[in-house]
Amino acid sequence: MIAMEATAAPFSSVISSRQNLSSSPSSSIRVSSPTSLFLSRKNPGKFKYPRSLSVRASSTSDSVVTLLDYGAGNVRSIRNALRHLGFTIKDVQTPGDILNADRLIFPGVGAFSPAMDVLNKTGMAEALCTYIENDRPFLGICLGLQLLFESSEENGPVKGLGLIPGIVGRFDSSAGIRVPHIGWNALQVGKDSEILDDVGNRHVYFVHSYRAIPSNENKEWISSTCNYGDSFISSIRRGNVHAVQFHPEKSGEVGLSVLNRFLHPNLPATQKPMEGKASKLAKRVIACLDVRSNDKGDLVVTKGDQYDVREQSNENEVRNLGKPVDLAGQYYKDGADEISFLNITGFRDFPLGDLPMIQVLRHTSKNVFVPLTVGGGIRDFTDASGRYYSSLEVAAEYFRSGADKISIGSDAVYAAEEFVKSGVKTGKSSLEQISRVYGNQAVVVSIDPRRVYVNHPDDVPYKVIRVTNPGPNGEEYAWYQCTVSGGREGRPIGAYELAKAVEELGAGEILLNCIDCDGQGKGFDIDLVKLISDSVGIPVIASSGAGTPGHFSEVFEKTNASAALAAGIFHRKEVPIQAVKEHLQEEGIEVRI
Ligand code: 1PR
């Protein structure tokens with residue numbers, strides 16, 4: 001049975017598959033794979049001829065796609081992308097639904113081991129192997145590619161579906177790369193990739209810590225590779241079976257074309273020359289929308305000066321720079337590589353009570369096909385009626401509503417303070433819990449530090465640096481004090497100590513603001529960005545202070561930031577996103593265009 005457009009985890013109702021698998025439908029046809037390259041799952045390492053198992057003849061409409069969602073994370077983005085392309089989604093409920101699919105998309109999310117557990121327990125693993133061995137139209141995405149291999153090192157070794165020779169391993173950060181691999185990267189596209197016809201020299205979006213390595217044994221499968229530290233498999237193709245490590249649903253127009261080519265396999269090859277000069281991981285340009293209710297109760301995009309978002313007029317109202325959904329849509333069209341929403345009063349209001357923010361996310365994700373991050377108010381909460389919500393529930397609601405990553409501010413500061421004090425990971429902080437369930441690539445920590453000048457490095461028990469520009473009294477040193485509650489309260493921990501701690505606790509990325517520079521348009525705090533991006537192995541997003549395109553090239557040239565974020569200059573239309581990208585290109589800094 002297949003449920004149309006189900007939103008709940010469709011596997012929850014599945015009990016066993018064995019009967020379903022053995023009962024061949026009466027209208028079945030026999031389909032054999034054209035290839036003999038499938039691995040024998042009983043004798044890994046040896047190839048076998050595929051079994052000839054019955055699959056049902058096509059019976060559904062051309063505009064229906066079957067989706068294998070095992071309920072482990074956000075597949076809303078792929079649903080939105082498929083609907084945007086005019087397709088209706090049928091959710092897999094039983095293994096038989098896999099065998100009966102006309103085209104199947106498997107957007108694997110979460111970690112390898114729990115995914116295999118679900119697939120094995122529900123009988124989906126067997127059905128998937130049969131479907132793929134019979135060369136039926138298949139597209140695996142991210143974990144949906146990795147699961148096809150023999151095994152993974154992720155919390156393992158854990159056995160995979162064993163269809164392709166090879167082991168999925170973690171990126172080696174000792175090679176000087178940041179892990180997770182997050183961002184827009186170039187592909188080396190091989191011949192015959194078909195669904196990658198429009199990709200050429202353009203970047204596509206990756207977010208992962210594990211990858212499959214090309215080898216002699218799996219080379220027949222590889223349709224593209226990507227370089228990040230070393231060469232890894234970015235896509236495979238064998239007959240009608242495709243899988244990609246990147247996220248087409250988050251790769252803008254070029255990603256939509258990948259999906260479209262899978263859904264319409266007979267589209268003519270692209271004639272026009274490829275735009276783009278992708279060669280490696282691009283530096284990202286991120287647009288940030290600070291969102292809160294104004295005094296009339298409308299949700300607006302606002303922007304502060306050093307975190308003060310009220311107009312300096314008699315009315316003292318919240319500065320209103322536009323509507324969140326409209327602005328996010330505009331920034332997507334303008335070429336933003338990512339969009340962040342920060343619910344800036346989330347620290348005092350319960351975000352799940354703040355339904356407009358959830359609505360903003362739902363509406364935005366329908367038409368914006370680059371990554372969306374949302375932050376503000378991610379922590380445990382008891383509402384007025386006494387009902388307790390865990391931070392995991394709050395995050396889950398954000399993910400369900402279309403977020404690809406969540407960002408934690410205040411709560412991560414408290415968790416880091418505890419960790420620095422005790423040296424013990426309790427596993428109970430929101431940061432640890434959310435990264436355990438959704439993967440650390442889905443968890444950003446947003447730091448709101450304020451510069452504190454000191455005369456001598458030993459004046460405070462925190463990391464002190466010699467600053468480029470001395471303080472008001474000629475101080476040559478400073479530390480960066482972390483704050484909570486939107487900068488209202490300083491805490492006894494520095495940005496350096498916090499960054500190291502949250503990396504240990506499972507953060508996948510750091511959004512590094514600076515209260516002193518926020519809204520000033522005088523450039524990023526290079527000292528701060530350098531300090532933090534040199535201290536951690538996860539990507540760092542430089543934020544606060546951008547005023548000109550030159551400020552972006554400066555931060556990328558002088559620090560190891562992976563991305564730069566701005567708000568005011570984009571909202572006030574002083575500098576278009578494309579102008580920033582063109583400038584970066586002129587300076588020889590690789591960006592996605
Ligand atoms: O503490 O988990 O509830 O998260 C609250 C989140 O809201 C944090 O990420 C915090 O940074 C953010 N926040 C809280 N108060 C404010 C405020 O402005 N009053 N906004 C605030 C922080 C800073 C940047 C800004 C850049 C770029 N905004 O993200 O967009 O500084 O601005 P610019 O280019 O104009 O200089 P929790």
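All residue numbers refer to positions counted from 1 along the written sequence of the respective chain. At least 70 in pLDDT is required for a residue's local features to be given in this predicted model, at least 80 for side-chain atom pairs to be given and counted, and no such filter applies to totals for whole chains, interfaces and linings, which use all residues. Excluding hydrogens and water, the side-chain values take into account all heavy atoms of the structure.

As recorded in an unreviewed UniProt entry, the chain goes by the name Imidazole glycerol phosphate synthase hisHF, listed as coming from Camelina sativa. As stated in UniProt under Subcellular location (unreviewed entry), the record for the chain gives "Plastid, Chloroplast". UniProt positions are given in the numbering used here, feature names are shortened, and annotations may be inferred rather than shown by experiment. UniProt lists a comment for the chain under the heading Pathway (unreviewed entry), and it reads "Amino-acid biosynthesis; L-histidine biosynthesis; L-histidine from 5-phospho-alpha-D-ribose 1-diphosphate: step 5/9."

Caption draft 1: Local environment of the site of the ligand. To be near a molecule or strand, a residue needs just one of its heavy atoms within 4 Å of it. Among the 25 residues in the neighbourhood of the ligand, the closest are listed as Lys303, Ser410, Asp448, Asp518 and Ser544. N or O atoms within 3.5 Å of each other form a polar contact, as long as, within protein, one can give a hydrogen and the other can take it, and as long as residues adjacent in sequence are counted only when both atoms are side-chain atoms. One nitrogen or oxygen atom from the main chain of glycine 409 is found 2.9 Å from an oxygen atom belonging to the ligand. Within the side chain of aspartate 518, one N or O atom sits 2.6 Å away from an oxygen atom of the ligand. When the free accessible area of the ligand is taken as 770 Å², the share hidden by the protein chains comes to 98%. Only DSSP runs of H or I covering at least 4 residues are called helices, and only runs of E covering at least 2 are called strands; the numbering of each starts at the N terminus. Of all the secondary-structure elements, those providing two or more residues to the shell around the ligand are β18 (284–293) and β32 (563–566). The Shrake-Rupley method, run with a 1.4 Å probe, gives the accessible areas here. Residue values count only the displayed protein chains as cover.

Caption draft 2: Up close: the packing of helix α14 (residues 526–535) against helix α15 (residues 549–558). At a minimum axis separation of 10 Å, α14 and α15 run at an interaxial angle of 40°. In terms of their interaxial angle, α14 and α15 are classed as oblique. Note that α14 runs across α15; the crossing there is right-handed. The segment α14 lies against α15, with Ile526, Val529 and Lys530 engaging Glu554, Val555 and Lys558. Residue type decides the class: Asp, Glu, Lys and Arg count as charged, Ala, Val, Leu, Ile, Met, Phe, Trp, Tyr, Cys and Pro as nonpolar, and the leftover types, Gly among them, as polar. Of the residues in the contact of α14 with α15, the class split is three nonpolar, no polar and three charged. Axis geometry follows a simple rule: fit a line to the C-alpha atoms, using only the stretch in contact for helices, then measure angles between N-to-C directions, giving values from 0 to 180 degrees. Every angle not falling under 35 degrees, over 145, or within 65 to 115 is termed oblique; those three ranges are roughly parallel, roughly antiparallel and roughly perpendicular. The crossing is said to be left-handed when, going from far helix to near helix, the turn is anticlockwise and less than a right angle, and right-handed when the turn is clockwise. Pairs of residues are marked as contacts when any of their non-hydrogen atoms sit within 4.5 Å.

Caption draft 3: Expanded view of the nonpolar core. In this structure, Ile339, Phe341 and Phe552 are the most contacted members of the largest nonpolar core, which totals 159 residues. Per element, the largest residue contribution to this core is seven residues, and it comes from helix α5 (residues 124–133). Among residues more than four places away in sequence, those in contact with phenylalanine 552 are Val285, Phe524, Ala546, Ala564, Ala566, Ile569, Phe570, Val580 and Leu584. Throughout this description, the term nonpolar core refers to a set of buried Ala, Val, Leu, Ile, Met, Phe, Trp, Tyr and Cys residues connected via side-chain atoms within 4.5 Å. Accessible area is worked out with a 1.4 Å probe on protein chains only. A residue is then buried under 20% of its type maximum, exposed over 50%, and partly exposed in between. Counting nine residues, the second-largest nonpolar core is a separate cluster that includes Ile286, Cys288, Val444 and Leu565.

Caption draft 4: Just the packing of aromatic side chains, in detail. Stacked, tilted and edge-to-face pairs are distinguished by plane angle, under 30 degrees for stacked and over 60 for edge-to-face with tilted covering the rest, among Phe, Tyr and Trp rings (Trp via its six-membered ring) whose centres lie within 6.5 Å. Scanning all chains against the criterion turns up 11 aromatic pairs. Residues tyrosine 462 and tryptophan 479 carry aromatic rings whose centres are separated by 4.2 Å and whose planes lie at 20° to one another, so their mutual orientation is stacked. Of this pair, tyrosine 462 sits in the loop between β26 (449–454) and β27 (465–466) while tryptophan 479 sits in strand β28 (residues 477–484), placing them 17 residues apart in sequence. Arranged with centres 6.4 Å apart and planes meeting at 25°, the rings of phenylalanine 552 and phenylalanine 570 form a pair that is stacked. In this pair, phenylalanine 552 sits in helix α15 while phenylalanine 570 sits in helix α16 (residues 568–571), placing the two residues 18 residues apart along the sequence. Given the relative accessible area of 0%, phenylalanine 552 is considered buried. The structure contains a cluster of three or more aromatic residues connected by ring pairs, namely Phe171, Phe206, Tyr228, Phe232 and Phe246. Geometrically, a lysine NZ or arginine CZ counts as sitting over a ring once it is within 6 Å of the ring centre and also within 35 degrees of the ring normal. Residue placement shows arginine 387 over the ring face of tyrosine 389; its charged tip is 4.1 Å from the ring centre. Over the ring of tyrosine 496 we find lysine 463, and its NZ or CZ is 5.1 Å from the ring centre.

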